[in-house]
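# Report on the structure
The residues making up each chain are set out below.
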Amino acid sequence: MKDLTFLILVFILVGCGSSKQMPTAEKLSALKFAVENKKIKFVATSANAIGLASVRGIDNLMPAGSNQSNISLTGTSNYFIIDNDTIQMKLPYFGRQDIAKGYNGNDVGFQYDGDFSKYSQSFNQKKGHYTLNFSLDLRNENLYVFLYLYSNNKARLDINSSVRSAILYAGDWEVAE
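Notes on the structure follow. (Residues numbered from 1 in each chain as written. Predicted model: local features only at pLDDT ≥ 70, side-chain atom pairs only at ≥ 80, totals over all residues. Heavy atoms only, no water.)

Bringing the packing of aromatic side chains into the picture now. Where two aromatic rings form a pair, the distance of their centres and the angle of their planes describe that pair. Going through the model one piece at a time under the given rule, you end up with 6 aromatic pairs. Note on Phe80 and Phe134: the rings are 6.0 Å apart at their centroids and 15 degrees apart in plane angle, and the pair reads as stacked. Of the two residues, Phe80 sits in strand β3 (residues 79-83) while Phe134 sits in strand β7 (residues 129-137), which places them 54 residues apart along the sequence. Taking relative accessible area as the criterion, Phe80 reaches 0% and is therefore assigned buried. Note on Phe134: relative accessible area 3%, which makes it buried. Here Phe123 and Tyr130 contribute two aromatic rings whose centre-to-centre distance is 4.8 Å and whose plane-to-plane angle is 50 degrees, an arrangement assigned as tilted. We classify Phe123 as partly exposed; its relative accessible area is 32%. The exposure class assigned to Tyr130 is buried, which follows from its relative accessible area of 10%. Feature note: the residues Phe80, Phe116, Tyr119 and Phe134 constitute an aromatic cluster, connected by ring pairs. Sitting over the face of the ring of Tyr119, Lys38 holds its NZ or CZ atom 4.4 Å from the ring centroid. (Phe/Tyr/Trp six-rings, centres within 6.5 Å; stacked < 30°, edge-to-face > 60°. Helix = DSSP H or I, 4+ residues; strand = E, 2+ residues; numbered from the N terminus. Buried < 20%, exposed > 50% of the residue type's maximum accessible area, 1.4 Å probe, protein only. Lys NZ or Arg CZ within 6 Å of the ring centre and 35° of its normal.)

Below, the structure written as structure tokens:
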């Protein structure tokens, strides 16, 4: 009976351990190409706004199927495109703003089309992903951006602002045309 229990335990451990897929050489090559040529298009499917717990009534303002820890962006037009040395960005924003930007109710998300600075990139061999870091100087704020690109075409975009609470986006990336 002990042998049978031991065998079952071994099969469970081996089965759980082998479910993680390693990136293929083809996928890693496509990822490397996109990063080296700075041709990346990211589209967010969800967002996670940091610091919303203190905002009362925020659940009533969220898109359908969303909560404070996972905001669905399905059906929302958004993008973050790196094309050589320029960035085009249009992303919705959910969170707390510390400094008023004026009364223009149409300018609540992140919108930018221009150059970036302080660019760096690194590859995590163990996890098989690239991390791109850079800064954006908008008209009324500075953004510190971290883009994590995975070989399975998933990505995470973290934006830290000088005047707003941080927000994280999850979604998919592809090679920009």
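So, on to the nonpolar core. If you look at the biggest cluster of nonpolar residues, it comprises 34 residues, and the most contacted ones within it are Phe80, Met89, Leu136, Ile159 and Tyr169. For this core, the element with the most residues is strand β1 (residues 39-49), which contributes 5 residues. For Phe80, the residues in contact, after removing those within four places along its chain, are Ile40, Lys41, Phe42, Ile87, Gln88, Met89, Leu91, Phe134, Val145, Leu147 and Leu157. (Core = buried A, V, L, I, M, F, W, Y, C linked by side-chain atoms within 4.5 Å. Contact = heavy atoms within 4.5 Å.)

Quick look at the pattern of salt bridges now. In total, this model carries 6 salt bridges according to the counting rule given. A salt bridge links Lys154 to Asp172; the nearest nitrogen and oxygen atoms lie 2.9 Å apart. Placement of the pair is Lys154 in strand β9 (residues 154-161) and Asp172 in strand β10 (residues 167-175), with a sequence separation of 18 residues. A relative accessible area of 43% means that Lys154 is categorised as partly exposed. Exposure remark for Asp172: the relative accessible area of 32% places this residue in the partly exposed category. In this structure, Arg156 engages Asp158 in a salt bridge whose closest nitrogen and oxygen atoms are separated by 2.9 Å. According to the relative accessible area criterion, Arg156 is partly exposed, its value standing at 31%. (Salt bridge = Lys/Arg side-chain N within 4 Å of Asp/Glu carboxyl O.)

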